[in-house]
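Chains, contacts and geometry: an overview
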Amino acid sequence: MAAKADKGPEKKTGAKKPKKGAPFSGMAGAFDAANDATMALGPLAGLAREDFIGAIGLMLRQTATNPDKAFKAAGNFSEDVVKIMTGQSDLAPDPKDKRFMDPAWRFNPFFKAGAQYYLAVQKGVKSYIEDLELDALERDRANFISQIIIDALSPTNSLIGNPTAQKRLVDSGGLSLVKGLKNAYNDMVHNDMMVSQVNKKPFKLGENVATAKGSVVYRDERFELIQYAPTTDKVYAIPQLTIPPQINKMYINDLSPEKSVIKWQTDHGIQPFMISWRNPTDEMGVWGMADYIESCIKALDVVCDITGSDKVNVSGGCSGGQTMSVLLSKLASMGDTRANAITMMVCVLEPKPGDTEASSLVSHNGIALARQRAQKKGVIEGSSLARGFAWLRPNDLIWNYVINNYLLGDDPPAFDILFWNADATNLSSALMGDFLELFEANAYAAPGTFEIADHTLDLTKVTGDMFILGGTTDHITPWRACYRSTQLFGAKNVEFILSQAGHMQAILNPPGNPKAKYWKHSKGKTPADVGEWMKGTEEVAGSWWPYWMEWLHARSGKEVAAPGTLGSKAHPAMEAAPGLYVLE
């Protein structure tokens, strides 16, 4: 288990003096749509339709066995209806609910009553579930399923119930309806029957997305390795290898020059290398975790050959962090000491049912069924995964775009992070099965009990210094769940940083944002109890990137002259970054 961390770098980053206190005040804020749309591999990937049916069945059984509570809920709803009809209801939408921002919801009697009927249903269902005799897990399941249904019933999701859409229809002379129907037709034909979340037209790889200079220096059937060109006269001797998730493409690390992790590294003397996974086709569905770990080890071999270093700093985020953890355990079992400092971002290794309401739906039976279905397929299509994740947050990821694209006739937003998220990749069924087995067995948190990638998984043998990142408003990999990873490794120096942002924006948080801030322990410690960590935190204004770079510099060896060319004799430079596989 990870011991308490030593004190980190003395120099504090940011313009303001750190403020004492735990990060539980003023954290909330609006959750960025780009983070909501991001997919992540975890136990939620093992959700089976039987889990949803089982949750609905639970509510139906409770209704049948507790008719008195059902009648009570119906009576309360009837009272609300009478108040609405007589103009005495005080039900009103949450001022922060963007669906009901139009003034018509407050001043037009027809729309005001429509909103109140909807809120009465929402209130009644919530009250009814609270009144049922359910344990915490069952209550989370009931709340989650009922909210999906209630979101679908919102009057704003239809033209007749949406005053903003009606005004747009009149103001545009009907053109908004024509454009909305065209958008719907395009989605049916070109977007696999899913509402579009992004306007892809403004973006082109290598031109305004993934623009960092570099070259492919290795390629095989499973991955390309990209070396990025130095932008400083001197570089640190120990290079950095990034292992990206298999579920999305690697250029999230080089999204745009303004928020490129790669550019930040090269501008500060780091020698970055990055794996670019191939988008698997059906015949590649046999690639499992063992194959991907073999690829990571090959990437280490090439990085060491090119740089001449016998140490490599390694980083991974989300499912890339899960793969990285298996790699680190495998290297430790082999006696391979090349992995040096370790950075893990927004990654959960020890999930628990209460982490999110959605995770309460996951059952062992559901995971087993999902694994069986995966085995019957060559690959799990990226569009299928995207659809599943969207329905876990339908209000943000479906109905929001139905209103914008179809009812208002607008184009979806042109955000680079949404463009990246829409550029989803397939997932080999073998790897999907391995991920599900890892979570079902809680293998990362149970050292010495699980065989994976031709060895017994044991993170306690991983001793490199660690930098672990979480995001305050991350609804996908909740930061408290990310924090548990501080206790799973054998490292004596573990730093946990909490960025004020959601899932991917926690990572893409470059300097320059005046509202940016993060929390770290004042003494660089990571106690087992997250509450104890919170008590010792200090708030730091600005991006966490400068602090990470200080941490990384201290673990990247001495400065040496920057290489004049990329690659080596054994591994010469080939195509320019971002390579070929990213285009598949």
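Parameters and conventions
- Residues numbered from 1 in each chain as written.
- Predicted model: local features only at pLDDT ≥ 70, side-chain atom pairs only at ≥ 80, totals over all residues.
- Heavy atoms only, no water.
- Helix = DSSP H or I, 4+ residues; strand = E, 2+ residues; numbered from the N terminus.
- Buried < 20%, exposed > 50% of the residue type's maximum accessible area, 1.4 Å probe, protein only.
- Contact = heavy atoms within 4.5 Å.
- Polar contact = N/O pair within 3.5 Å; in protein donor to acceptor, adjacent residues only side chain to side chain.
- Core = buried A, V, L, I, M, F, W, Y, C linked by side-chain atoms within 4.5 Å.
- Salt bridge = Lys/Arg side-chain N within 4 Å of Asp/Glu carboxyl O.
- Patch = residues over 30% accessible without salt bridge, like charges linked within 9 Å, V, L, I, M, F, W, Y side chains within 5 Å.
- Areas by Shrake-Rupley, 256 points an atom, 1.4 Å probe, with all protein chains shown as cover.
- Axes fitted to C-alpha atoms, helices over the stretch in contact; angles between N-to-C directions.
- Parallel < 35°, antiparallel > 145°, perpendicular 65-115°, else oblique.
- Left-handed = near helix turned anticlockwise from the far one by under 90°.
- Nonpolar A, V, L, I, M, F, W, Y, C, P; charged D, E, K, R; others polar.
- Disulfide = S-S within 2.5 Å.
- Phe/Tyr/Trp six-rings, centres within 6.5 Å; stacked < 30°, edge-to-face > 60°.
- pLDDT = per-residue confidence, 0-100.
- Expected span 1.5 Å × (residues − 1).
- Arc of directions from axis to C-beta.

1. Overview of the environment of serine 146
Inspection of the secondary structure puts serine 146 in helix H6 (residues 136-152). The exposure class of serine 146 is buried, given its relative accessible area of 8%. Residues serine 146 and methionine 59, spaced 87 residues apart in sequence, show a C-alpha to C-alpha distance of 9.2 Å. Aside from chain neighbours lying at most four places away, what touches serine 146 is Met59, Val125 and Ile129. A distance of 2.9 Å separates the side chain of serine 146 from the backbone oxygen of alanine 142, its partner in a polar contact.

2. Comments concerning the nonpolar core
Leu225, Leu241, Ile275, Val326 and Leu438 are the most contacted members of the largest nonpolar core, which has 80 residues in total. For this core, the leading source of residues is helix H10 (residues 289-307), giving eleven residues. Setting aside residues up to four positions removed in sequence, leucine 225 forms contacts with Ser215, Val216, Val217, Tyr218, Leu241, Phe273, Met274, Ile275, Ala299, Val302 and Val303. With 55 residues, the next largest nonpolar core counts Ile252, Trp264, Met274 and Trp420 among its residues.

3. Looking at the pattern of salt bridges
Applying the stated criterion to the full structure yields 22 salt bridges. Close ionic contact of arginine 99 with aspartate 97 constitutes a salt bridge, the shortest N to O distance being 2.8 Å. The residues arginine 99 and aspartate 97 share a single accessibility class, namely buried. Across the salt bridge formed by aspartate 102 and lysine 167, the nearest N and O atoms sit 2.9 Å from each other. In this pair, aspartate 102 sits in the loop between helix H3 (67-85) and helix H4 (104-107) while lysine 167 sits in helix H7 (residues 163-171), placing the two residues 65 residues apart along the sequence. The class for lysine 167 is partly exposed, based on a relative accessible area of 40%. Each member of the salt-bridge network shares a partner with another, and the members are Arg219, Glu224 and Glu575.

4. Things to note about a nonpolar patch on the surface
A contiguous nonpolar surface patch, about 440 Å² in accessible area, is contributed by Tyr185, Met188, Val189 and Met193. For methionine 188, a relative accessible area of 45% corresponds to the partly exposed category.

5. Some details on unusual backbone geometry
With an omega of 10 degrees, the peptide bond between alanine 577 and proline 578 qualifies as cis. Turning to its location among the elements, proline 578 is positioned in the segment after strand S17 (559-561). Despite not being glycine, cysteine 318 shows a phi value in the positive range, around 55 degrees. Examined against the element boundaries, cysteine 318 turns out to sit in the loop between strand S7 (312-317) and helix H11 (319-334). Since its relative accessible area comes to 4%, cysteine 318 is described here as buried.

6. Concerning the packing of helix H5 (residues 109-131) against H6
Here H5 crosses H6 at 165 degrees, and the two axes come no closer than 10 Å. By the angle class used here, H5 and H6 are roughly antiparallel. Remark: the crossing between H5 and H6 carries right-handed chirality. Facing H5, whose interface residues are Tyr118, Gln122, Val125, Ile129 and Glu130, H6 presents Arg139, Ala142, Asn143, Ser146, Gln147, Ile150 and Asp151. For the contact of H5 with H6, a count of residues per class yields five nonpolar, four polar and three charged.

7. Examining the state of the cysteines
Tallying each qualifying case throughout the model produces zero disulfides. Cysteine 482 takes part in no disulfide bond, and the closest cysteine sulfur to it belongs to cysteine 347, at a distance of 6.9 Å.

8. Some details on the packing of aromatic side chains
Enumeration according to the criterion identifies 22 aromatic pairs in this entry. Plain terms: the ring middles of tryptophan 264 and tryptophan 545 are 5.7 Å apart, the flat faces sit at 50 degrees to each other, and that makes the pair tilted. Residue tryptophan 264 is found in helix H9 (residues 261-266), and its partner tryptophan 545 is found in helix H20 (residues 545-553); the two are separated by 281 residues along the sequence. The class for tryptophan 264 is buried, based on a relative accessible area of 16%.

9. Examining the confidence of the model for the protein
With 88% of its residues at a pLDDT of at least 70, the protein reaches an overall mean of 87. pLDDT under 50 marks residues 1-37. Its contacts with residues more than four places away, or in other chains, come to 99 contacts. The low-confidence segment residues 39-44, where pLDDT is below 50, has 27 contacts with residues more than four positions distant or belonging to other chains.

10. Topic: H3
The terminal C-alpha atoms of H3, which comprises 19 residues, lie 27 Å apart, in line with the 27 Å expected from a rise of 1.5 Å per residue. Of the residues making up H3, those classed as buried are Lys69, Ala73, Asp80, Val81 and Ile84. Angularly, the buried residues of H3 cover 125 degrees about the axis, an arc narrow enough to put them on a single face. Opposite the buried face of H3, at more than 90 degrees from it, the exposed residues are Asp68, Phe71 and Met85. Against H5 lie the buried residues of H3. Immediately beyond the C-terminal end of H3, within one or two residues, lies glycine 87, with a positive phi of roughly 75 degrees.

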